[in-house]
Structures are given as C-alpha cells and as structure tokens.
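Structural features, examined
Given next are the chains, with one letter for each unit.
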Amino acid sequence: MGELLRVFGGMIPLTIIAIPYALLGWPLLAAHRRRRRADPFSASATAAVDMTLALACFLVLCLVTMPVTGVQGSRLNLEPGTDLRLALSDSADLWQALGNVLMLSPLGALLPVRSRRLRSLGRIALGALAVSVLVEGTQYLIQAGRVTSADDILLNTLGAVAGAALSRRLWHRLDVRPAVRIPVQVRRVCDAPVRPRVPRSVWDERYSGIRSGGKSVDRRATVIAKALRTRKEGCLMPDAFGGVGTS
C-alpha cells in the first residue's frame, strides 16, 4: 500500500480539487444548451457526460506528467507479460495493474455515447491503443520516474474496451432525433388543355335563331340562301358578309 500511495498519492488532492469544478460546470453547460432550444433531459445528460469526459482527460494528463518522488529517470520494458507476472506475485503491483485497466475505461465507456463514429469495439480498441502508446511515450520522454511497458498499453486498451462493452446499451440513449421537416407546398399550373366555355349571353345572341328540330333559321342563313340564288342569275349583289360579289 505504501508503494501505491507513493506512485498515485499525488492524484488524490488533484481529484478532490477537480470534482467540484466539474460539478459546477455541469449545470452551467446544461443551462447553455437549454438556451439553444435543446431538450431539458438531453441537455442535462449530455452536459454530465461531457464534464465527466473532461474530468477523466484532466486526471489522465496529470497522472502522465506527474513525477514519482524518489525515482530518477524512467524505465523501458517492452517484453509483454513481465508486469503481469509481478502483479500476480505482489499486491502493490496488482493494484497498479488495476489502475492501468481503469485509467482509460471512462473514456471507452462515454465516448461512444457522444460520438456515433466510435460505436464499435474495434474502433474503441484502436483509439485506446493509440492513446495508450502516446501516454507511455510521453512518460518515457519527460523522464517522470515511471515505467513504460508493453503491458501497460495492453491493460489500458483492455480497460477501454471493457468500459465500452459495459456501456453498450446506453450508446443510443442520448441521440438527438432530427426534426421532422414538413415539405413546402408548391402550387403548380396544370398543363392539360382547357376547353373554354362559351358564355350563355354569347350563345343566346349568335344561336338564338336556331331552334330545336331545325324548323327555322335566322336572318343570316336567309341572306346566304338569297345570295346563292342571285349568283345563278349573274347579278351583282351585296355579299352576305358585307362585301360585293359577282357571278
């Protein structure tokens, strides 16, 4: 336990200080999203997830860059299985291995809830592997007195995949449904031919002389018939349509 406190003891006050800031930022972020016309439950839930992710990233960053007291320089161990054998034989190393498993598990559990592109265990494993390599490489470069080993990379990746598997049922709970768009109604002119209707007043004026049964004709028909008879006689006559006709 003393070795565990020596390695991770500096994270306890940082965690105590960071948690109140995260709790304070949660309602502020939720209120900001409600002002943007978001659903109250969705705004509060997404704000809680985002603040938890920010807190986890901050703690991981502090853990990577915090030097270990009493240790000079960093050690490199690229042989897989060495740290795991030590963890099984020593309780202090066992707690350190559990810490490596839990370090990236919050990110693996919460990132798929907020990002649809990461909703796959394979993508989570690749992302956690990349982050773990970056973390271990940073520890070795800054010479913080920690051990950079291949087992830590494997344990970090395993923890992220386990966190994603445990939260798989919650991946779709916070999805924002897109608003239903009502199509704009556009009035279109029909291209079909339209037969004009003759007004009744015009009908009565032009065809009032034609009655049912064809027993009588109007004056115009009489003039046309008289003109035809006159042409046979070879006489000049006023044309039925207003001109002068000849035979």
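So, on to the overall build of the protein. A count of helices and strands for the protein gives 10 helices and 4 strands. In sequence order, the protein lays out its α and β elements as α-α-α-β-α-α-α-α-β-α-α-α-β-β. Sorting the 247 residues of the protein into buried and exposed places 30% on the buried side. For the protein, contacts bridging at least 24 residues in sequence account for 67% of all contacts bridging at least 6. With the model as given, the accessible surface of the protein reaches about 18200 Å², and the carbon-plus-sulfur share is 63%.

Below, the discussion takes up the side chain of Ser132. Looking at the secondary structure, you find Ser132 in helix 7 (residues 121-142). Ser132 sits in the buried class, given a relative accessible area of 0%. In this structure Ser132 touches Leu104, Asp152, Ile153 and Asn156, once residues within four positions along its chain are discounted.

Mapped onto the elements, Thr157 comes out in helix 8 (residues 150-166). Leave out the neighbours within four places in its chain, and Thr157 touches Ala125, Ala128 and Leu129.

Take the nonpolar core next. The biggest cluster of nonpolar side chains holds 14 residues, and the ones touching the most others in it are Val49, Leu53, Leu104, Leu107, Ala160 and Leu174. The set of elements that each furnish at least two residues to this core consists of helix 3 (40-65), helix 6 (105-114), helix 7 and helix 8. The element contributing the most residues to this core is helix 3, with 4 residues. Discounting chain neighbours no more than four positions away, the residues touching Leu174 are Phe41, Ala45, Thr46, Val49 and Val113.

A cluster of nonpolar residues, Leu76, Leu78, Tyr140, Leu141 and Ile142, forms a patch on the protein surface that exposes about 520 Å² of accessible area. Broken down by element, the nonpolar patch gets its largest block of residues, 3 residues, from helix 7. If you trace the backbone, Tyr140 turns up in helix 7. Exposure remark for Tyr140: the relative accessible area of 34% places this residue in the partly exposed category.

Take helix 2 (residues 11-35) next. Taking 1.5 Å as the rise per residue, helix 2 with 25 residues should run 36 Å; its terminal C-alpha atoms sit 36 Å apart, in good agreement. By the burial criterion, the buried members of helix 2 are Met11, Ala18, Ala22, Gly25, Ala30 and Arg33.

Right, let's talk about the environment of Ala162 for a bit. Within the element layout of this structure, Ala162 appears in helix 8. For the pair formed by Ala162 and Gly108, sequence separation is 54 residues and the distance between their alpha carbons is 7.6 Å.

Another aspect to go through is the pattern of salt bridges. Evaluation of the coordinates by the stated rule reveals 2 salt bridges. Among the salt bridges present, the one from Arg33 reaches Asp50, with a minimum N-O distance of 2.5 Å. Remark: Asp50 occurs in helix 3 and Arg33 occurs in helix 2; sequence separation between them is 17 residues. Among the residues examined, Asp50 registers a relative accessible area of 18% and is labelled buried. Among the salt bridges present, the one from Arg114 reaches Asp50, with a minimum N-O distance of 2.8 Å. Taken together, the positions of Arg114 in helix 6 and Asp50 in helix 3 put the pair 64 residues apart, joining distant regions of the chain. Take Arg114: its relative accessible area is 34%, and that puts it in the partly exposed class. Each of Arg33, Asp50 and Arg114 takes part in one network of salt bridges that share partners.

Quick notes on the rules
Residue positions are counted from 1 within each chain, in the order its sequence is given. This being a predicted model, a pLDDT of at least 70 is required before a residue's local features are given, and a value of 80 or more before pairs of side-chain atoms are given or counted; all residues contribute to the totals for chains, interfaces and linings. The side-chain numbers reported here are obtained from all heavy atoms of the structure, hydrogens and water having been left aside. We count a stretch as a helix when DSSP gives it H or I for four or more residues in a row; a strand needs E for two or more, and each element gets its number in order from the N terminus. We call a residue buried when its accessible area falls under 20% of the maximum for its residue type, exposed when it is over 50%, and partly exposed in between, using a 1.4 Å probe and counting protein chains only. Any two residues whose heavy atoms approach within 4.5 Å are treated as being in contact. Under the convention used here, a 1.4 Å probe and the Shrake-Rupley method define accessible areas, while residue burial counts only the protein chains that appear. In this text, buried Ala, Val, Leu, Ile, Met, Phe, Trp, Tyr and Cys residues form a nonpolar core when linked through side-chain atoms within 4.5 Å. Patch construction takes residues with relative accessible area above 30% that form no salt bridge. Like charges are linked within 9 Å, and nonpolar side chains (Val, Leu, Ile, Met, Phe, Trp, Tyr) are linked within 5 Å. Think of a salt bridge as a Lys or Arg side-chain nitrogen and an Asp or Glu carboxyl oxygen that are within 4 Å of each other. Helix span, as expected, comes to 1.5 Å for every residue beyond the first.

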